[in-house]
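For reference, the chains in residue letters:
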Amino acid sequence: MQTFTSRALVALSIVYGATIAILAITGSDHVGKFAAIGGITIGVLWALRAVLGSGSNQE
């Protein structure tokens with residue numbers, strides 16, 4: 001399960017990064033808000049995965 005969540009979070013991070021890049025290239029006015037909210041959300045998800053996944057060392 002931990003491998004699945006790692007892969008899902010990596011995929012989510014890549015899609016998020018690509019979305020930020022597209023918004024920046026197109027000159028969107030909302031890129032800052034989207035970057036802040038998304039960055040905090042993805043950071044919290046990575047932190048939760050690290051904290052909750054530290055108890056089980058299954059690979």
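Residues numbered from 1 in each chain as written. Predicted model: local features only at pLDDT ≥ 70, side-chain atom pairs only at ≥ 80, totals over all residues. Heavy atoms only, no water.

A. Molecular detail of the overall build of the protein chain. When you go through the protein chain residue by residue, the secondary structure sums to 2 helices and 0 strands. When each of the 59 residues of the protein chain is scored for burial, the buried share is 12%. Roughly 4400 Å² of accessible area belongs to the protein chain as shown, and the carbon and sulfur atoms make up 72% of that amount. (Helix = DSSP H or I, 4+ residues; strand = E, 2+ residues; numbered from the N terminus. Buried < 20%, exposed > 50% of the residue type's maximum accessible area, 1.4 Å probe, protein only. Areas by Shrake-Rupley, 256 points an atom, 1.4 Å probe, with all protein chains shown as cover.)

B. How the structure looks around helix α2 (residues 31-53). With 23 residues, α2 extends 32 Å from end C-alpha to end C-alpha; this agrees with the ideal 33 Å at 1.5 Å per step. Within α2, the full set of buried residues consists of G38, I42 and G53. On the buried face of α2, the contacting elements are α1 (2-26). (Expected span 1.5 Å × (residues − 1). Contact = heavy atoms within 4.5 Å.)

C. Just a nonpolar patch on the surface, in detail. Together, L12, I40, V44, L45, L48, V51 and L52 give the surface a local cluster of nonpolar side chains, amounting to about 660 Å² of exposed area. Broken down by element, the nonpolar patch gets its largest block of residues, 6 residues, from α2. (Patch = residues over 30% accessible without salt bridge, like charges linked within 9 Å, V, L, I, M, F, W, Y side chains within 5 Å. Salt bridge = Lys/Arg side-chain N within 4 Å of Asp/Glu carboxyl O.)

D. Representation of the packing of α1 against α2. In the contact formed by α1 and α2, the axes pass within 11 Å of each other and the chain directions differ by 170°. Accordingly, the angle class assigned to the pair α1 and α2 is roughly antiparallel. Here Q2, T5, S6, L9, V10, L12, S13, Y16, T19, I20, L23 and A24 of α1 lie close against α2, whose contacting residues are V31, F34, A35, A36, G38, G39, I42, L45, W46, R49 and G53. Residues of the contact of α1 with α2, tallied by class, amount to 14 nonpolar, 8 polar and 1 charged. (Axes fitted to C-alpha atoms, helices over the stretch in contact; angles between N-to-C directions. Parallel < 35°, antiparallel > 145°, perpendicular 65-115°, else oblique. Nonpolar A, V, L, I, M, F, W, Y, C, P; charged D, E, K, R; others polar.)

E. Region of the structure containing α1. With 25 residues, α1 should reach 36 Å at 1.5 Å per residue; the first-to-last C-alpha distance of 36 Å fits that figure. Those residues of α1 not exposed but buried are S6, L9, Y16 and I20.

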